[in-house]
Amino acid sequence: LRHHVRVSHETDGAALPDPLLAALRAAVGPSHVLTDADLRATYETDWSRRFHGVAAAVVRPGTMDEVAAVVRACGQGGAAVVPQGGNTGLVGGSVPRAAAPRDGRGAPRPQVILSMLRLRELGAVDQVAGEVTVGAGVTLGALQAHLAGSGWEVGIDMGSRDSATLGGMVATNAGGIHVLRNGVMRQQLVGIEAVLASGEIVRRLPGAVKDNTGYALPALFAGSEGTLAVVTRLRLRLVPPLPRRAVALLAVDDAGQAATFAAELRRRLACLTAAELFDDDGMRLVLVHAGGEAPFRERHPRYLLVECGAPDDPTDQLVEAISAVAARDAVVAGDEGGRRRLWALREGHTESVNAAGIPHKLDVSVPIGRIGAFDVAVREAIRAAHPLPRIFIYGHVGDGNLHVNVLGPDPDDEAVDDAVLGLVIELGGAVSAEHGIGVAKTAWLVRDRGEADIAAMRAIKRGLDPGDVLNPGVLFSDPA
Ligand code: 2HG
Ligand code: ZN
């Protein structure tokens, strides 16, 4: 099964009709409507560099009312709205479609990027509830800095923290490195304010941790990838900080052993906050690209990075637990510099792979017990689909979430993607774990979820966005 239409280099950017341009300028002020190609450029390509499309304009509202005015004007003017946060997405969901969506007569519709970066309100920490309300355009890093010294932390963390915005993290239901302890973004959400395709506002703020008053819109919008609503504000549950940290890197035989060790360490260590996997090719690439010293004298097939966080120094506990699993070798870092060096080996992957080429990125879940089998079979499947691939497999092994990165095939050659995702479905996994479907995996959604799920999802989309204003082409390649 091959799908060659997903990545296209067609760039038919339809221009904005004059009345719509005037309405957008009136809504946000002329200086926040960018139509110049140079100014638009960084908004038009996502972090994967594989996905790109031409916007008629980038519009930068500063308030919820301005967001609503922009969405309403675009709906009335026939334009598509592409909501965008930090643009750190990897599946083409935050940039315009390469082939513009069509109107009823088959003509291309203009695409307007709705940049949320100006919605940067940082609310006071609610010390009694352990919650905070923030604007959608606040970056995760800015919120982490805001919380420093407050006695609370965000439950989610990830490598893109200084660019990724909280609104985008809701839209994609972000995961990251602390999911095994705190869950995904959806599970941190207490309340939300969002603009619907009609321009109407839905608001449940502050919201309540326990709220059984019908359909949970925050949960529905989390992971909807900008297709149902534009999140403007959100309230998050916070977690108590774990100020003392220790990190260990274990050399292991294979991915299956990494998963088994991760489970064993989880049982033994109440303080476990992360369990991450990478392979030797990936580590070498990071060391060459970013510099740094190899952690072991010998090379090993795979590495498992684990972190503990606790009120008191957890280093001894971590050392004791590690000695109970039979790793090939291990290093432990209790000091800040050492911890950072070990984490850099894992967090440097995305940038290092990107520097080596334009990768095919497959973010997938597989049942944790099948990680070992998947890691072997997926490498074979990739090699069968492409003669000389460079394969890097890393990810959040404690959650059963791997990032299969492949260099070699052209950006629009889908053979490798199809091989990987076919295997994921065979093994009972999910074709997207944390990055979303975007435009990259629309052809796989029905195979993964089945007809009944897709019919229900399309009914929700039609109900909330009958004009297909919000992020058309994402999740479903055709109008719902
Ligand atoms: C990570 O876990 C991110 O580092 C990016 O989700 C994954 O580069 C990737 O494929
Ligand atoms: Zn990840």
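See the structure above.
What you see is a predicted model; the values in this text were computed from it and never measured.

## Some remarks on the site of ligand 1
Stage number 1. Every residue lining ligand 1 is accounted for by L90, R346, T350, K361, Y394, H396, H403, N405, E434 and H435.
Stage number 2. Residue E434 places a side-chain N or O atom 3.0 Å away from an oxygen atom belonging to ligand 1.
Stage number 3. At 2.7 Å, a side-chain N or O of H435 approaches an oxygen atom of ligand 1.
Stage number 4. Here ligand 1 loses 84% of its free accessible area of 300 Å² to cover by the protein chains.
Stage number 5. For the shell around ligand 1, the elements supplying multiple residues, two or more each, are β15 (390-396) and β16 (401-407).
Stage number 6. Partitioning the shell around ligand 1 into residue classes produces two nonpolar, five polar and three charged.

## A look at the packing of helix α13 (residues 371-385) against helix α14 (residues 415-426)
Stage number 1. Where α13 meets α14, the closest approach of the two axes is 9 Å, and the angle between their N-to-C directions is 150°. Classified by the angle their axes make, α13 and α14 are roughly antiparallel. The handedness of the crossing between α13 and α14 comes out as right-handed. Between α13 and α14, the residues in contact are F374, A377, V378, A381, I382 and A385 and A415, V416, A419, V420, L423 and V424, respectively.
Stage number 2. By residue class, the composition of the contact of α13 with α14 is 12 nonpolar, no polar and no charged.

## Observations concerning the coordination of the zinc ion (ligand 2)
Octahedral metal centres with six donors ideally show angles of 90 or 180 degrees, and tetrahedral centres with four donors ideally show 109.5 degrees.
Stage number 1. In the first shell of the zinc ion (ligand 2), the protein supplies H396 (NE2), H403 (NE2) and E434 (OE), at 1.9 to 2.1 Å from the metal.
Stage number 2. Summarised as a motif, the one-chain spacing of the donors to the zinc ion (ligand 2) is H-x6-H-x30-E. Comparing H396 with H403 shows no difference in burial state: the two are buried.

## Considering the pairing of strand β12 (residues 302-310)
Stage number 1. Burial runs high along β12: nine of the nine residues are buried.
Stage number 2. Side chains R302, L304, V306, C308 and A310 of β12 all project onto a buried face; the interleaved residues Y303, L305, E307 and G309 project onto the opposite face, where all are buried too.
Stage number 3. Two elements, strand β10 (residues 244-252) and β12, share nine bridges in a ladder whose sense is antiparallel. Along β12, the bridge assignment pairs A246 with C308.
Stage number 4. Relative to β12, strand β11 (residues 272-279) runs antiparallel, the two sharing seven bridges.

## Description of the state of the cysteines
Stage number 1. According to the stated counting rule, one finds one disulfide in the structure shown.
Stage number 2. Linked covalently through their sulfurs, C271 and C308 form a disulfide whose S-S length is 2.4 Å. Its S-S torsion of approximately 60° makes the covalent link between C271 and C308 right-handed. Of this pair, C271 sits in the loop between α8 (255-268) and β11 while C308 sits in strand β12, and the two are 37 residues apart along the sequence.
Stage number 3. Classification of C271 by relative accessible area gives buried; the value is 5%.
Stage number 4. Taking relative accessible area as the criterion, C308 reaches 0% and is therefore assigned buried.

## As for the pairing of β10
Stage number 1. For β10, the buried fraction is high: eight of the nine residues fall into the buried class.
Stage number 2. Of the pairings in the sheet, the one linking β10 to strand β13 (residues 329-333) comprises five bridges and is antiparallel in character. Of the residues in β13, the one forming a bridge with V247 is A333.

## A few points about unusual backbone geometry
Stage number 1. Put simply, L205 and P206 share a cis peptide bond, and its omega is 5°.
Stage number 2. One can find P206 in the loop between β8 (201-204) and α7 (217-221).
Stage number 3. A positive phi angle is found at R49, which is not glycine, with a value near 65°.
Stage number 4. Residue position: R49 is located in the loop between α2 (37-44) and β2 (57-59).
Stage number 5. Of note, the phi angle at D468 is positive, near 55°, even though the residue is not glycine.

## A word on the environment of L388
Stage number 1. Relative to the elements of secondary structure, L388 occurs in the loop between α13 and β15.
Stage number 2. According to the relative accessible area criterion, L388 is exposed, its value standing at 73%.
Stage number 3. In this structure, the C-alpha to C-alpha distance between L388 and G141, residues 247 residues apart in sequence, is 38 Å.

Cut-offs applied
- Residues numbered from 1 in each chain as written.
- Chains lettered and ligands numbered in written order.
- Predicted model: local features only at pLDDT ≥ 70, side-chain atom pairs only at ≥ 80, totals over all residues.
- Heavy atoms only, no water.
- Near = heavy atom within 4 Å.
- Polar contact = N/O pair within 3.5 Å; in protein donor to acceptor, adjacent residues only side chain to side chain.
- Areas by Shrake-Rupley, 256 points an atom, 1.4 Å probe, with all protein chains shown as cover.
- Helix = DSSP H or I, 4+ residues; strand = E, 2+ residues; numbered from the N terminus.
- Nonpolar A, V, L, I, M, F, W, Y, C, P; charged D, E, K, R; others polar.
- Axes fitted to C-alpha atoms, helices over the stretch in contact; angles between N-to-C directions.
- Parallel < 35°, antiparallel > 145°, perpendicular 65-115°, else oblique.
- Left-handed = near helix turned anticlockwise from the far one by under 90°.
- Contact = heavy atoms within 4.5 Å.
- Donors = N, O, S within 2.8 Å, 3.2 Å for Na, K, Ca; no water.
- Buried < 20%, exposed > 50% of the residue type's maximum accessible area, 1.4 Å probe, protein only.
- Pairing = 2+ DSSP bridges.
- Disulfide = S-S within 2.5 Å.

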